[in-house]
Amino acid sequence: MSASFKEPRKKGHFNQRLGKPLPVLVESETGIPAHLAVWKSFSGRFNGDCVEVSNAEDISSLYNMGFFGKGSLSRGCPRSARKANHPEIIRERQWKRRCEWSKKSQADENKDNQDGLTSQDSPQVIVIADTETEEENFISQLQPRLENDCGTHPEILNLLLEEALFLSYGLGCLYIFDVSGQKVLNHDEFWALCLEVDTRFIERYVTYHHFRSKGWVVKSGLKFAGDFLIYKDGPGFYHASYVVITKVLFGENSIESGSTGKQMNWVSLMGLNRLAETSGKEVLFCYTIRPKELLPDQPSSPDIIKKFKVHEVIPRRWQPSIARIDIINPSGKLESQES
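Residues numbered from 1 in each chain as written. Predicted model: local features only at pLDDT ≥ 70, side-chain atom pairs only at ≥ 80, totals over all residues. Heavy atoms only, no water.

Per an unreviewed UniProt entry, the protein chain carries the name tRNA-splicing endonuclease subunit Sen2 and comes from Frankliniella fusca. We quote the UniProt Sequence similarities (unreviewed entry) comment for the protein chain here in full: "Belongs to the tRNA-intron endonuclease family." (UniProt positions renumbered as here; feature names shortened; annotations may be inferred.)

This is the structure we're talking about:
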């Protein structure tokens, strides 16, 4: 069952070009038949919390074709994935934190064994003041200046566990190495590790796979008290349309289970709706219906997602000013009028 989605809001700058929707060949988009000989693959390392991708070319491909992952030193798009040649713009507080990280790294490692960037070949950043004012003299208060961003560690791409499994299991284009970086994990091994890290991983991945399969770009919703944010085309083009909350049901006719997530009451629902509304979003509940024969503690593999069903529910606030009230007129006929 699917909800009725609204048209998303475009971003003001909207100066990016839309790339391919996925980092693999999509025959309907490219006209090139998918074949193993031309199937691109990437590699990442599981670090116990997420999957790290360190190769610059892989980072660029994964982020620019599907907006997968987040830069370890950036708010979103990693430096190596940026197509523009202009310097990155950061706040003074961000610049100070980078300098602190750089000093700590230099103190922990031997400088003679580092392959870090020098001040000559390091990228430049534009540092602006921390002011948040919107007054007329806002531009004059920015006080921009150029600095050499000579951090000791290159930026990497951090993939959510759901993103990594979708790329590995769903698309077959990502090889995931273990913590040591020596062994490639198969789908069942990585699935087991994900379940150890997150007890709600199964329903979260079913939700992620569901929306990705429908063409949405799915990102973490932690900032807005949700599981995911979903975008049309990507965060470079549109604001997120919905804050997705994942719920699990055990069986088609069962009631909501509170054992795998927070209980939702009217107060928390109103607060969540208010938070979403202030940022131009709506709340979307995604109910993943777990088959009865699949017990919570039963060993499983990624293949079980085929047995799940998904229901989308968008809660709406009842507004008396636009509600229709049925009344009985004196003649006995049923009429509807605007209240």
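There is more to say, and it comes next.
Participant: Give a description of the pattern of salt bridges that names residues and reports values.
Facilitator: Counted by the stated rule, this structure contains 12 salt bridges. Of the charged contacts, one joins Asp227 and Arg204 as a salt bridge, the two residues approaching to 2.9 Å between their closest N and O atoms. Placement of the pair is Asp227 in the loop between β10 (217-220) and β11 (228-231) and Arg204 in helix α7 (residues 201-213), with a sequence separation of 23 residues. We classify Asp227 as buried; its relative accessible area is 10%. Sharing partners across several salt bridges, the network here consists of Glu162, Asp198, Arg200, Arg204 and Asp227. (Salt bridge = Lys/Arg side-chain N within 4 Å of Asp/Glu carboxyl O. Helix = DSSP H or I, 4+ residues; strand = E, 2+ residues; numbered from the N terminus. Buried < 20%, exposed > 50% of the residue type's maximum accessible area, 1.4 Å probe, protein only.)

Participant: I'd love a proper account of the sheet that holds strand β6 (residues 145-148), names of residues and values included.
Facilitator: What the three strands build is an open sheet, ordered β4-β5-β6; its pairing is mixed. Edge strands, defined here as strands with exactly one partner in the open sheet, are β4 (88-91) and β6. Along the sheet, successive strands turn relative to each other by an average axial angle of 40 degrees, direction set aside. (Pairing = 2+ DSSP bridges. Axes fitted to C-alpha atoms, helices over the stretch in contact; angles between N-to-C directions.)

Participant: So, the environment of Glu293: which residues are in play, and what are the values?
Facilitator: Tracing the sequence through the fold places Glu293 in the loop between β13 (282-290) and β14 (309-313). Judged by relative accessible area, Glu293 falls into the exposed class, the value being 54%. The sequence separation of Glu293 and Gly251 amounts to 42 residues, and the corresponding C-alpha distance is 8.8 Å.

Participant: Pulling in residues and values, what's your account of the sheet that holds β14?
Facilitator: Neighbouring strands of a sheet are bound in pairs by backbone hydrogen bonds; such pairs are parallel or else antiparallel. Across the sheet, five strands lie side by side as β10-β11-β12-β13-β14; this open sheet has mixed pairing. Where the open sheet ends on each side, the last strands, each with one partner, are β10 and β14. Ignoring which end each strand starts from, the neighbouring axes of this sheet average 35 degrees apart. Pairing of β10 with β11 involves four bridges; the strand directions are antiparallel. Pairing of Lys219 across the sheet is with Leu229, part of β11.

Participant: Report on the packing of helix α6 (residues 187-197) against α7, specifying residues and quantitative values.
Facilitator: Following both chains from N to C, one finds α6 and α7 inclined at 115 degrees, their axes separated by 9 Å at the closest point. Between α6 and α7, the contacting residues are Trp191, Cys194 and Leu195 on the first element and Phe201, Ile202 and Tyr205 on the second. By residue class, the composition of the contact of α6 with α7 is six nonpolar, no polar and no charged. (Contact = heavy atoms within 4.5 Å. Nonpolar A, V, L, I, M, F, W, Y, C, P; charged D, E, K, R; others polar.)

Participant: Outline the pairing of β11, supporting the account with residue identities and numerical values.
Facilitator: Along a regular strand, successive side chains alternate from one face of the sheet to the other. Burial along β11 is two-sided: Phe228 and Ile230 facing one way and Leu229 and Tyr231 facing the other are all buried. Where β11 meets strand β12 (residues 242-250), three bridges bridge the pair, whose relative direction is antiparallel. For Ile230, the partnering residue across the bridge sits in β12 and is Tyr242.

Participant: For unusual backbone geometry, give the residues involved together with the corresponding values.
Facilitator: With phi around 55 degrees, Phe67 is a residue other than glycine that occupies positive phi space. Mapping Phe67 onto the fold places it in the loop between α2 (56-64) and β3 (70-71). On the basis of relative accessibility, which here comes to 8%, the residue Phe67 falls in the buried class.

Participant: Quick rundown of the packing of aromatic side chains? Include the residues and the values.
Facilitator: For the structure shown, the criterion picks out 11 aromatic pairs. The lysine or arginine in question, Arg212, covers the ring of Phe68, its NZ or CZ lying 4.0 Å from the ring centre. Above the face of the Phe224 ring, Lys281 is positioned so that its terminal group lies 4.4 Å from the ring centre. (Phe/Tyr/Trp six-rings, centres within 6.5 Å; stacked < 30°, edge-to-face > 60°. Lys NZ or Arg CZ within 6 Å of the ring centre and 35° of its normal.)

Participant: Let's hear about the environment of Val218: which residues, and what values?
Facilitator: Within the element layout of this structure, Val218 appears in strand β10. Relative accessible area serves as the criterion here: at 1%, Val218 is assigned to the buried category. Along the sequence, Val218 and Leu229 sit 11 residues apart, while their C-alpha atoms lie 5.8 Å from each other. Those residues in contact with Val218, other than ones at most four positions away along the chain, are Glu163, Tyr208, Phe211, Arg212, Phe228, Leu229 and Ile230.

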